[in-house]
Amino acid sequence: MRSILFITLFLLSVGAIAAVVPTRNDLETEMAHSPTQLTWVRTVDGWEQPSSWQTPPPVEPPLHPFVVTGFVTLAGIAVLVATHRS
């Protein structure tokens, strides 16, 4: 029983830490909206304004770590219940 509680606490801790740590996508978005962004950029086609570039469609955010942790926890408990011998 202690090992189950330890694993559950560990998974919840890892999920909480993963929810707080910024991802690469967050950092790129923050840098793209910085006020020090240049107005003209040298490209293969010459000097262009970044505002004239086509932006890719927004990416749907991934699942929150607590959702994944919940699924993993439920799967683990289901396996433990299914393999429990009376």
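Residues numbered from 1 in each chain as written. Predicted model: local features only at pLDDT ≥ 70, side-chain atom pairs only at ≥ 80, totals over all residues. Heavy atoms only, no water.

Draft legend 1. Quick look at the overall build of the protein. When you go through the protein residue by residue, the secondary structure sums to three helices and two strands. Summing over all exposed atoms, the protein offers an accessible surface of approximately 8,100 Å²; the carbon and sulfur share of this is 69%. (Helix = DSSP H or I, 4+ residues; strand = E, 2+ residues; numbered from the N terminus. Areas by Shrake-Rupley, 256 points an atom, 1.4 Å probe, with all protein chains shown as cover.)

Draft legend 2. Spatial organisation of the environment of V41. Relative to the helices and strands, V41 is located in strand β1 (residues 41-43). The class of V41 is partly exposed, set by a relative accessible area of 24%. Each residue touching V41, except ones within four places of it in the same chain, is listed here: G46, W47, E48, P50 and W53. (Buried < 20%, exposed > 50% of the residue type's maximum accessible area, 1.4 Å probe, protein only. Contact = heavy atoms within 4.5 Å.)

Draft legend 3. Main features of the packing of helix α1 (residues 2-20) against helix α3 (residues 65-83). One can describe the packing of α1 onto α3 by two numbers: an axis separation of 9 Å at closest approach and a directional angle of 165°. The pairing of α1 with α3 is recorded here as roughly antiparallel in orientation. For the pair α1 and α3, the sense of crossing is right-handed. Here I4, L11, L12, G15, A16, A18 and A19 of α1 lie close against α3, whose contacting residues are P65, F66, T69, V72, T73 and L80. Here the contact of α1 with α3 is composed, by residue class, of 10 nonpolar, three polar and no charged. (Axes fitted to C-alpha atoms, helices over the stretch in contact; angles between N-to-C directions. Parallel < 35°, antiparallel > 145°, perpendicular 65-115°, else oblique. Left-handed = near helix turned anticlockwise from the far one by under 90°. Nonpolar A, V, L, I, M, F, W, Y, C, P; charged D, E, K, R; others polar.)

Draft legend 4. Spatial organisation of a nonpolar patch on the surface. Taken together, the side chains of L63, V67, V68, F71, V72 and L74 make up a nonpolar region of the molecular surface, amounting to roughly 570 Å² of accessible area. Structurally, L74 can be placed in helix α3. Assessed through its relative accessible area of 56%, L74 is described here as exposed. (Patch = residues over 30% accessible without salt bridge, like charges linked within 9 Å, V, L, I, M, F, W, Y side chains within 5 Å. Salt bridge = Lys/Arg side-chain N within 4 Å of Asp/Glu carboxyl O.)

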